[in-house]
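Chains, contacts and geometry: an overview
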Amino acid sequence: MEPSLLTRSIEKRPDKCTFVGRILFLTEDPELIRRQLAGEDLPWDTKNPQNNPKLRDDISTDEITPAHICFFFDEKLGEWPYTGLKCGNVVPIQRGDVKKGGFVAAVSGKRRGKGSSREQSPYAELCAGIKLVIAENIERIYKQNCQNLGVLTSTDFSLIDKVRAGQEIPLNKFTEGEDDITRQVIEYGGLFPFNVARMQKKVFLPPITTARRPMTIAEKIFARHMLNAANEQGVSYVKPADSGFARTDLRFSHEYVTPMSAIFFEHFVGKEARVNDPASILFFRDHLTFLDEVISEEKKKMGLLDLAGQLKYKQEDFAARQGIRLHGELKDRKGSEGICHSIVAETYALPGQLNVGSDSHTPHVGAVGCIAFGIGTTDVFNSWITKDVRVKVPESVKVIVRGKRKPNVTAKDYILLLLSMEYIRSGKALAKVMEYSGEAIEALSVDERATMTNMAAEIGGFTGIVAPDEKTVEFLMERRGMPRAEAEKLCAGLFSDPDAQYAHVIELNADEITPMVATPGDPGNGKFVRDLNTPVPVEIAYGGTCTAGKNADMDMYAQVLAEALLQGKRIADSCKFYIQFGSQETREYCVRKGYLETFKQAGAIVIEPSCGACINAGPGVSTRPDQVVISAQNRNFPGRSGPGLMYLASPYTVAASAVAGYIVEYQPNGKEVVATGTAHGKQRRT
């Protein structure tokens, strides 16, 4: 604990709020947005919402602050909020528009803030003058980032009239329904002032006194890590909505977040202050390694490439001064040691742990049977002080995948099918643990399970997890060199009790699932490949990222390409196929298996590890709006990976489509299944 924080003056914010400024309604109609930016206040009928224009749903953090805007890590972000917001085919908001418009509140529809955990998004809004966000429902990480920064959030549209009238609004309108800790974070105006008050024992920390009850695997792990009344780790039982602080086993961040966290740490705590337990902190240089190869001349002229370089140097400097392990760039060639999630899964995460990271795909490592979840910048720098994170125990959704999968079906097809379901598309799974089970899940390798847990982020879930079993034991033995007895001991007791309670249960039959794609715009736009209305030619195929750059994914790319070579085929002349490793360990695996030669002979372009094209920062990005891409990555939000039309699919489907030149199902016998426009039998979705 930093001693100076014990005597620092800290006060709560006033118990009434007044918002002086305009309201920006983020509508589907770009013309209505332009009129607001020009000075017109849009009429809004809170009593008869059916009379109002349609608000934009599913506004991702990629649209609030596109990836290149996150190269800024200070108040300059206030020039850029909503500059990636797409309404139809139009991006109506330009640099400085929101700040110049005098807006104090922003209103939108369902699932606001989905996607990346980047705290630059609410920070950009705050720096532009936005003090209040109203939406039908709000994604967990984005909402928590808002609270941590002091931006107020609400789903109560009646507040619109009060804001416009300049009326005082009680602060408790924004704390209703929140747990005691979140309420106090809001009252103190953010997480850091709350934590200072916590160190000074000025806040109320509710004791966890849950009686004996059956628990899910997630609840068991939370119980092991929650702090008790004596500030010691571990309580006997927890239930959903129990709130407190959980001691972390591992905290990590990458170059998009570490610099901003470091600046916050140095500003609020002190330049000479030391982080708590640096041995349990990891930094990664994994996002922007190949940025210089794809960044536009226009962005270079804006100084964005230089800014991106500053992110790297700030992280390196802070790591060196604090004695923190940095998995950085390669010394002998271009590329990185690996993507944070890939390395954490291969080298660090253990069953039963609680890990946090500065990335929404931190749930990736739930595949080994631990709790792992994404946090924002303020949570990161606060965890450097306290080694714990704020947690409200989430409900769990149980996903049971029964039966036996077809040989061309993968975990990616399961998750794309789940994402297409109304329960998930409507936001009912937001902030819940996705627990994957059933014989079809048990049959998956740990690498394939990681695809399921990774994309709990696209569901909007708190995290994803698979109970550890014999496959987990084998993974720890093979990938870590761990003795069997030690691996089995780590996995012992990590299962859900038979009568554990779930918010919802989803059942799928693997026998009925065929290869899926998510059509452009959202990972929830899933449909079966055979149900596409017409063949879809592709110019770019991309296999990589944390989701699809693992050993098992490389097996799939290699299998498809090896079979193509045997049939005298290569990558189609009309298509470029990029294969990017998730880590150097996976690259070495490909060397041992002889895959590099297969990839080369087939005409694939192999790239060293990095997040790359997934975040518009490496080879494989689109360059034209009409360019069709098929990718094994996790997101296809507008503009995320270039201006083109991106379809998401499994490694099998991506590789097979690269060979064919258009989207096809991979068939191990070499027989293609493509969309022909004819009717196909619809498959039942449970």
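Our subject is the structure listed above.
Here we summarise the structure given alongside this text. (Residues numbered from 1 in each chain as written. Predicted model: local features only at pLDDT ≥ 70, side-chain atom pairs only at ≥ 80, totals over all residues. Heavy atoms only, no water.)

Moving on to the nonpolar core. Counting residues in each nonpolar core, the largest one holds 101 residues, and the members touching the most others are Phe222, Val238, Phe265, Leu288, Phe373 and Trp384. When residues of this core are assigned to their parent elements, the largest contribution, 6 residues, is made by helix α8 (residues 191-199). Setting aside chain neighbours within four positions, we find Leu288 in contact with Phe71, Glu255, Tyr256, Ala308, Leu311, Ser610, Ile615 and Ala617. Core analysis: the second largest hydrophobic core is formed by 42 residues, Ile424, Met434, Ile513 and Ala613 among them. (Core = buried A, V, L, I, M, F, W, Y, C linked by side-chain atoms within 4.5 Å. Buried < 20%, exposed > 50% of the residue type's maximum accessible area, 1.4 Å probe, protein only. Helix = DSSP H or I, 4+ residues; strand = E, 2+ residues; numbered from the N terminus. Contact = heavy atoms within 4.5 Å.)

Here we take up unusual backbone geometry. Peptide bonds are, in most cases, trans, and in most cases residues other than glycine have a negative phi. Positioned with a positive phi, Ala241 is a non-glycine residue whose angle comes to about 90°. Assignment of secondary structure puts Ala241 in the loop between α9 (217-225) and β7 (243-247). Within the chain, Thr545 stands out as a residue other than glycine whose phi angle is a positive 75°. Considering the arrangement of structural elements, one finds Thr545 in helix α22 (residues 545-548). Residue class for Thr545 comes out buried when judged on its relative accessible area of 2%.

Restricting attention to buried positions, one finds in helix α20 (residues 470-480) the residues Thr472, Val473, Phe475 and Leu476. Buried positions in α20, seen along its axis, are confined to an arc of 160° and lie on one side of it. Turning to α20, the residues buried within the fold contact α13 (340-348), α18 (446-454) and α21 (484-491). One side-chain oxygen of the residue at the start of α20 lies 3.0 Å from the amide nitrogen of Lys471, identifying that residue as Asp469. Once α20 finishes, Gly481 follows within two positions and takes phi at roughly 70°, a positive value. (Arc of directions from axis to C-beta. Polar contact = N/O pair within 3.5 Å; in protein donor to acceptor, adjacent residues only side chain to side chain.)

Taken together, the 4 strands give an open sheet; going across it, the order is β16-β15-β14-β17, and neighbouring strands pair in parallel fashion. At either margin of the open sheet sits one strand with a lone partner, and together these are β16 (463-466) and β17 (504-509). Each neighbouring strand pair of the sheet contributes to a mean axis angle of 20°, computed without reference to strand direction. In this structure, strand β14 (residues 396-402) lies alongside strand β15 (residues 433-437), joined through 5 bridges in parallel fashion. Directly across from Val397, in β15, lies its bridge partner Met434. Set on the sheet, helix α15 (residues 411-419) makes contact with β14, β15 and β17; between it and β17 the angle comes to about 130°. Packing of α18 onto the sheet brings it into contact with β15 and β16, and relative to β16 it is tilted by some 150°. (Pairing = 2+ DSSP bridges. Axes fitted to C-alpha atoms, helices over the stretch in contact; angles between N-to-C directions.)

Strands sit in the order β19-β18-β24-β23-β20-β21-β22 across an open sheet of 7 strands; the sheet is mixed. Looking at the sheet topology across the chains shown, the edges are occupied by β19 (526-528) and β22 (605-607). Shown here is a sheet whose adjacent strand axes are inclined to one another by a mean of 25°, direction ignored. Alignment of strand β18 (residues 516-518) against strand β24 (residues 645-649), held across 2 bridges, turns out to be antiparallel. The residue bridging Val517 from the neighbouring strand is Ala649, located in β24. Its contacts with the sheet put helix α26 (residues 651-660) on β20 (540-543), β21 (576-580), β23 (628-631) and β24, and the angle it makes with β23 is roughly 140°.

Below, the discussion takes up the environment of Asp469. Of note, Asp469 is situated in the loop between β16 and α20. Note: C-alpha distance between Asp469 and Val368 (101 residues apart in sequence) is 8.9 Å. Beyond its immediate sequence surroundings of up to four residues, Asp469 is in contact with Glu442 and Arg449. In terms of polar contacts, Asp469 uses its side chain to reach the side chain of Arg449, at 2.8 Å.

Let us look at the packing of α18 against α20. One way to put it is that α18 packs onto α20 with a least axis distance of 10 Å and a crossing angle of 110°. By the criterion of interaxial angle, the relationship of α18 to α20 is roughly perpendicular. Between α18 and α20, the contacting residues are Val446, Asp447 and Arg449 on the first element and Lys471, Thr472, Phe475 and Arg479 on the second. Along the lines of polarity and charge, the residues of the contact of α18 with α20 split into 2 nonpolar, 1 polar and 4 charged. (Parallel < 35°, antiparallel > 145°, perpendicular 65-115°, else oblique. Nonpolar A, V, L, I, M, F, W, Y, C, P; charged D, E, K, R; others polar.)

Next up on the list: α13. Helical geometry note: an α-helix holds 3.6 residues per turn, so side chains three or four residues apart project in the same direction. α13 sits mainly inside the fold: 7 of its 9 residues count as buried. For α13, every residue scored as buried is listed here: Cys340, His341, Ser342, Ile343, Val344, Ala345 and Glu346.

So, about the pairing of β21. Burial within β21 is extensive, with 4 of its 5 residues counted as buried. Pairing of β21 with β22 involves 3 bridges; the strand directions are parallel. Bridging across to β22, Gln580 finds its partner in Ile607.

In this structure, Val393 sits in the loop between β13 (388-392) and β14. It is 5.1 Å that separates the C-alpha atoms of Val393 and Ala241, two residues lying 152 residues apart in sequence. Ignoring any residue separated from it by four or fewer positions in sequence, one finds Val393 in contact with Glu219, Phe222, Val238, Lys239, Pro240, Ala241 and Asp242.

The next thing to look at is the pattern of salt bridges. Applying the stated criterion across every chain, the model contains 55 salt bridges. Residue Glu470 pairs with Arg484 through a salt bridge whose shortest N-O separation is 2.9 Å. Pair noted here: Glu470 is in helix α20 and Arg484 is in helix α21, with a separation of 14 residues, a long-range link. By relative accessible area, which is 38% here, Glu470 ends up partly exposed. Residues joined by salt bridges that share partners form a network here, namely Glu266, Lys271, Lys314, Asp317 and Arg321. (Salt bridge = Lys/Arg side-chain N within 4 Å of Asp/Glu carboxyl O.)

This next bit is on the packing of aromatic side chains. What the rule picks out here adds up to 23 aromatic pairs. The interplanar angle of 15° and the centroid separation of 4.4 Å between the aromatic rings of Phe25 and Trp44 together place this pair among those described as stacked. With Phe25 in strand β2 (residues 22-25) and Trp44 in the loop between α1 (30-37) and α2 (61-64), this pair connects stretches of sequence that are 19 residues apart. Relative to Phe264, the ring of Tyr123 has its centre 5.7 Å away and its plane inclined at 70°; by these criteria the two rings are edge-to-face. Here the residue Tyr123 occupies a position in helix α4 (residues 120-127), and Phe264 occupies one in helix α10 (residues 258-268), the gap between them amounting to 141 residues. Phe264 shares its class with Tyr123; the two are buried. Against the face of Phe462 rests Arg140, its NZ or CZ located 4.4 Å from the ring centre. Residue placement shows Lys220 over the ring face of Phe495; its charged tip is 4.0 Å from the ring centre. (Phe/Tyr/Trp six-rings, centres within 6.5 Å; stacked < 30°, edge-to-face > 60°. Lys NZ or Arg CZ within 6 Å of the ring centre and 35° of its normal.)

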